Amino acid sequence: MNQHQREHIATVMAHLSEPARWLARSPQEQLIGDSWQRCVTHHGLEPGRMQEARILPWQQLREHRQRMEEFRHIAHHGLTQLYQQIAAAGYVLLLTDASGITVDYLGDAHAEVSLRRAGLFLGAEWTEAVAGTCAVGTALATGRALTVHQTDHFDATHIPLTCSAVPLFDPEGQLQAILDISALSSPQPRASQHLALQLAQVWAARIENAWFAHRHQNNWTLQLSAGAPFVGGSPEFLIAFDDRGRLAGHNHRGQRLLEGELGLSAPPPGDKSALLGMPIERLFNTTLDCLPQWLAGGQPATLDQARSGDKLFVTAVAPLRPARRAAHASADRHAPCGVADRPAAHACAELPAPLAALCGGDAALHQQLQRAARLLSASLNLVVQGETGSGKEYFARAFHQASDRRARPFIAVNCAAIPAQLIESELFGHLPGSFSGAGSKARAGLIQAADGGTLFLDEIGDMPLEMQTRLLRVLAEKEVLPVGGTRPVRVDIRVISASHHRLEQRVEQGRFRADLFWRLQGARVTLPALRDRSDLDWLIDTLLDGKAELAPAARRCVQQHRWPGNLRELRNALDYASAMSLNGRIEPADLPDTLQMSGQGIASAEIFPRAAAAQDLVMNSATSGASQQGPLSYAGAADHPAAPATGHAGASGHGAAAACSGQKNPPGLPPEAQELEQHLHAARWNHSAVARLLGISRMTLYRRMQRYGIRSPLHRS
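Residues numbered from 1 in each chain as written. Predicted model: local features only at pLDDT ≥ 70, side-chain atom pairs only at ≥ 80, totals over all residues. Heavy atoms only, no water.

Q: Before we move on, can you summarise the overall build of the protein with the specific residues and values?
A: Assigned secondary structure in the protein consists of 27 helices and 19 strands. Across the 717 residues of the protein, 53% fall into the buried class. Pairs at least 24 residues apart make up 66% of the contacts formed inside the protein by residues separated by at least 6 positions. For the protein, the computed accessible surface area is about 31,600 Å², with 52% contributed by carbon and sulfur atoms. (Helix = DSSP H or I, 4+ residues; strand = E, 2+ residues; numbered from the N terminus. Buried < 20%, exposed > 50% of the residue type's maximum accessible area, 1.4 Å probe, protein only. Contact = heavy atoms within 4.5 Å. Areas by Shrake-Rupley, 256 points an atom, 1.4 Å probe, with all protein chains shown as cover.)

Q: Can you break down the sheet that holds strand β16 (residues 494–499) residue by residue, with the values?
A: Here we have five strands laid out as an open sheet, ordered β12-β13-β16-β11-β17, and parallel in their pairing. Strands with a single pairing partner mark the edges of an open sheet, and in this sheet they are β12 (410–414) and β17 (523–526). Between one strand axis and the next, the sheet turns through 20 degrees on average, direction left out of account. One ladder, built from four bridges, connects strand β11 (residues 382–385) with β17; its direction is parallel. Note on β17: the bridge partner recorded for Leu382 is Ala523. (Pairing = 2+ DSSP bridges. Axes fitted to C-alpha atoms, helices over the stretch in contact; angles between N-to-C directions.)

Q: Tell me about helix α16 (residues 465–477), and please be specific about residues and values.
A: Between its first and last C-alpha atoms α16 spans 19 Å; for 13 residues at 1.5 Å apiece the expected length is 18 Å, and the two agree. The inward-facing, buried residues of α16 abut α14 (423–428), α15 (446–449), β13 (454–458), β14 (479–480), β16 and α18 (514–520). (Expected span 1.5 Å × (residues − 1).)

Q: Residues and numbers for the packing of aromatic side chains, please.
A: Pairs of aromatic rings are described using the distance from one ring centre to the other and the angle between the two planes. Tallied over the entire structure, the rule returns five aromatic pairs. Seen in terms of ring centroids, Tyr105 and Phe121 are 5.0 Å apart; in terms of plane orientation they differ by 50 degrees. Their pairing is tilted. In this pair, Tyr105 sits in strand β2 (residues 102–106) while Phe121 sits in the loop between α5 (112–118) and α6 (128–131), placing the two residues 16 residues apart along the sequence. Just as Tyr105 is buried, Phe121 falls in that class too. (Phe/Tyr/Trp six-rings, centres within 6.5 Å; stacked < 30°, edge-to-face > 60°.)

Q: Could you give me a rundown of the sheet that holds strand β1 (residues 92–97), with the residues and numbers involved?
A: Reading across from one edge, β2-β1-β5-β4-β3 is the order of the five strands in this open sheet, with antiparallel pairing throughout. Strand pairing shows two members of the sheet lacking a second neighbour, β2 and β3 (146–149), which therefore form its edges. When the angles between neighbouring strand axes are averaged without regard to direction, this sheet yields 20 degrees.

Q: Pulling in residues and values, what's your account of a negative patch on the surface?
A: Side chains of Glu69, Glu70, Asp545 and Asp575 sit close together on the surface and give a patch of like negative charge. Its location among the elements puts Glu70 in helix α4 (residues 69–86). The class for Glu70 is partly exposed, based on a relative accessible area of 41%. (Patch = residues over 30% accessible without salt bridge, like charges linked within 9 Å, V, L, I, M, F, W, Y side chains within 5 Å. Salt bridge = Lys/Arg side-chain N within 4 Å of Asp/Glu carboxyl O. Lys, Arg positive; Asp, Glu negative; His and termini not counted. Charge placed at Lys NZ, Arg CZ, Asp CG, Glu CD.)

Q: Talk me through the confidence of the model for the protein; I want residue IDs and the actual numbers.
A: Of the residues in the protein, 81% have a pLDDT of 70 or more, and the chain-wide mean is 80. Contacts for the low-pLDDT stretch residues 324–349, under 50 throughout, to residues beyond four places or in other chains number 46 contacts. Below pLDDT 50 for its whole length, residues 600–667 participates in 95 contacts with residues either more than four positions away or in separate chains. (pLDDT = per-residue confidence, 0-100.)

Q: Lay out helix α25 (residues 671–682) with the relevant residues and their values.
A: For α25, which comprises twelve residues, the first-to-last C-alpha distance of 16 Å matches the rise-based estimate of 16 Å (1.5 Å per residue) to within 8%. The buried fraction of α25 is high, at ten of twelve residues. Of the positions making up α25, those classed as buried are Ala673, Gln674, Glu675, Leu676, Glu677, Gln678, His679, Leu680, His681 and Ala682. After α25 finishes, the residue Arg684 shows a positive phi value of roughly 60 degrees.

Q: Which residues make up the environment of Thr151, and what values go with them?
A: Locating Thr151 in the fold gives a position in the loop between β3 and β4 (162–169). The exposure class of Thr151 is partly exposed, given its relative accessible area of 32%. Sequence spacing of Thr151 and Arg190 is 39 residues, and the spatial spacing of their C-alpha atoms is 10.0 Å. Aside from chain neighbours lying at most four places away, what touches Thr151 is His4, His8, Trp36 and Ile159.

Q: How would you explain unusual backbone geometry if you had to name every residue and give the values?
A: What you tend to see is this: most non-glycine residues have negative phi, and most peptide bonds are trans. Positive phi, normally seen in glycine, also occurs at Asn566, with a value near 55 degrees. Turning to its location among the elements, Asn566 is positioned in helix α21 (residues 566–580). Positive phi, normally seen in glycine, also occurs at Asn583, with a value near 60 degrees. Structurally, Asn583 can be placed in the loop between α21 and β19 (585–586). On the accessibility criterion, Asn583 (83% relative accessible area) is exposed.

Q: With reference to specific residues and values, describe the packing of helix α2 (residues 27–41) against helix α7 (residues 135–142).
A: At a closest axis distance of 11 Å, the pairing of α2 and α7 adopts a crossing angle of 90 degrees. Put simply, α2 runs roughly perpendicular to α7. Where α2 abuts α7, its residues Leu31, Ser35 and Arg38 lie against Thr138, Ala141 and Thr142. The class makeup of the residues in the contact of α2 with α7 is two nonpolar, three polar and one charged. (Parallel < 35°, antiparallel > 145°, perpendicular 65-115°, else oblique. Nonpolar A, V, L, I, M, F, W, Y, C, P; charged D, E, K, R; others polar.)

Pasting the structure below:
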């Protein structure tokens, strides 16, 4: 710690001890002072405790990047253009999600070591709970654009940095991402960063508008501006309406315009806009049927706001694919359906939008979602049951987004993926030198990072018993004690737990604490397996999202498959088929081999002669081996390794017919084991390929094989 850092710590402590003496001279100083107070009172941080930057492991980062993949794709051009303007001045560019995790990064490759050490790097977590006052974290907390310059930072570790951050909002008004321009060093005056903040605001608005246009390309859109020259090229306000003339979305400027018009207060950053669903007639002196008269290309026209009568210049953009009227919408069961911008199905329309987006009309799932919706305002913890890949994390995230905790973090932890020796420090945090390899700086744990929000504990059934004891104390006392610490930190979290195990059985076996089970299970939600859902066609079309279409024969293959990997396997299979298809039409031959085998009566030897013959050979050899070595041994298959068939099509007809009719080998295994064995045979016992197809790790695949007694014929002892 150098002298400059000591002086900064003394300044922060003096401010916190006597805040009344520190009168803010500007809104910027007020934002910083309020953030310092939150760091201590809300997050339990100490000014004298310097924290090194937290970089997420790649596995966790990949989950955040995948959830933002579509948005990152839309934003990429704008990020690249902006970086070209700022790179020469030594700046780096960060894009974070709403949890403060850096999901995209552009910076100088020659300075990578210094940037990573400072946290200006891919995977860095910038929240007030972890890093103290910082541009990204304070923008997330307040929903406002700001510069946090040098000694504005709470943690003395970060005082060399200068950072300017701007929130990006989705078309429903919720804070979605943060655009940040930062530098390792800069001139002393904060005013030197004025241009950086202005550039960030300009490009944030452009990215936000591009995302709006992508999301609402199938809605009527009004482009509005106070000045005629800007309405066609750079409109200030964007408002989208559905086919009933109700407001479906807006950009952030449009939201502020309409809130001012109606006298509404701005909601917190994580809340949805109160404007959604309002009829066009309440906002403007027009109707939906009048919008075509303002289509782009004509003379600039004006539109009056309904309440004030103020005039705005207007052009209209027609839907790319007009939606059907509500009376006929349910007739087209295969129509592509957006996940987030309209209700999933009529049956789910009364649910909060994040929950409704999970359901396409399946009665069992809809009943579970209805029960969950009634629990949104309760303080109960939840246990989510379901097979692997059935969407437990999707549900947890949607539940969080629909709850009043949506503005706070959602932290997902896979209890089975963290090594046993690290899970304690990862969850609870640690103090400097508290264990071998702990490092010289303290680190907040994932539980503390979830303060005020939701902690999702996936595969909770695999948590070690000693960690279950510590988690029980967190739930009972509402406080967390870091490893090596003596002073607990208060936390306010809702815990959603998930497991493919039956936790009651784990309790009976002595592998899960009964008292923790009852703390966690305030309520239970059970998600149906994909093979039991009646909305498979809706899911298919939702995931394809118009990028490709399934030929009828290919759709029958998909419908007949049992989907042991559930939604993960479905997504991977459709992504694979889309990549293999020509001209956006998916034929049976474009599907993964295991799906080609699942279509009744269509995967004949004439369609798949080589695959059918090879599959017949493998299945027959596995059956003969099983008859000699017991129902769970597959060593006999090694005597007849799978190879491309060389005979004519007729020689393989029996194997293809058997595969397509749903025959399982060997008998007596549960359906999930039979499907797993079928995947392994089809992939020639390539474990990595099967794990990718099912959307699971190889270790999870090995555990399932061991559970069912399945042994690879390629690795016999």
